[in-house]
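As a plain string of letters, each chain reads:
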Amino acid sequence: DISSQTSKALDAKLAQSMDAVVTVCSDAQERCPVIPGVRCLHWPIPDPAKATGTPEDIRSQFRAVRDDIKPRVGELLKEWRACHENDIDCNCKDSS
């Protein structure tokens, strides 16, 4: 159960060690700092926390967002693995 979890602010120092930062709402995209050497992606996904309607309507919107995010993460990981396994410059942060 993740119902008590909340979003957290991005720690810029920690982010410098990341290959990529993905924002999923326009608010985060606007507030996310530019981090040299770190690939920044924005996936414009509706915020399910703003869902309205019956409990089933709200659950349905959360599930739709989950189902939208899952293949995106899969593709990002597939791309990341291909780049790193083949030592290709793939817009990821240098691993050196």
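Whatever comes next refers back to the structure up there.
The paragraphs below set out a description of the structure included in this document. Along each chain, the written sequence defines residue order, and numbers are assigned to residues from 1. Given that the model is predicted, a residue must reach a pLDDT of at least 70 before its local features are reported, and side-chain atom pairs must reach 80 or more before they are shown or counted; all residues, however, enter totals for whole chains, interfaces and linings. Only hydrogens and water are set aside when side-chain values are computed; all heavy atoms of the structure are taken into account.

For the rest of this paragraph, the subject is the pairing of strand S2 (residues 39–42). With a 1.4 Å probe rolled over the protein chains alone, any residue whose accessible area is under 20% of its type maximum counts as buried; one over 50% counts as exposed, and the rest are partly exposed. Numbering of helices and strands runs from the N terminus; a helix is a DSSP stretch of H or I covering at least four residues, while a strand is a stretch of E covering at least two. Burial along S2 is one-sided: the face carrying Arg 39 and Leu 41 is buried and the face carrying Cys 40 and His 42 is not. Strand pairing is assigned whenever DSSP detects at least two bridges linking the two strands. Strand direction decides the pairing type here: strand S1 (residues 20–23) and S2, joined by 4 bridges, are parallel. From the neighbouring strand, Ala 20 faces S2, where its bridge partner is Arg 39.

Next up on the list: the pattern of salt bridges. Two side chains of opposite charge can pair, provided their charged atoms sit close to one another. Salt bridges are counted wherever a side-chain nitrogen of Lys or Arg sits within 4 Å of a carboxyl oxygen of Asp or Glu. Enumeration according to the criterion identifies 5 salt bridges in this entry. For Glu 79, the salt bridge goes to Arg 39, with nearest N and O atoms at 2.3 Å. Note that Glu 79 is positioned in helix H3 (residues 55–85) and Arg 39 in strand S2, a separation of 40 residues in sequence. Classification of Glu 79 as partly exposed rests on a relative accessible area of 31%. On the basis of relative accessible area, Arg 39 is assigned to the buried category, the value being 18%. A salt bridge links Arg 59 to Glu 56; its shortest N-O distance comes to 3.1 Å. With a gap of 3 residues between them, Arg 59 and Glu 56 both fall in helix H3, about one helical turn apart.

Remember that the coordinates give geometry; whether it matters functionally is a separate question.
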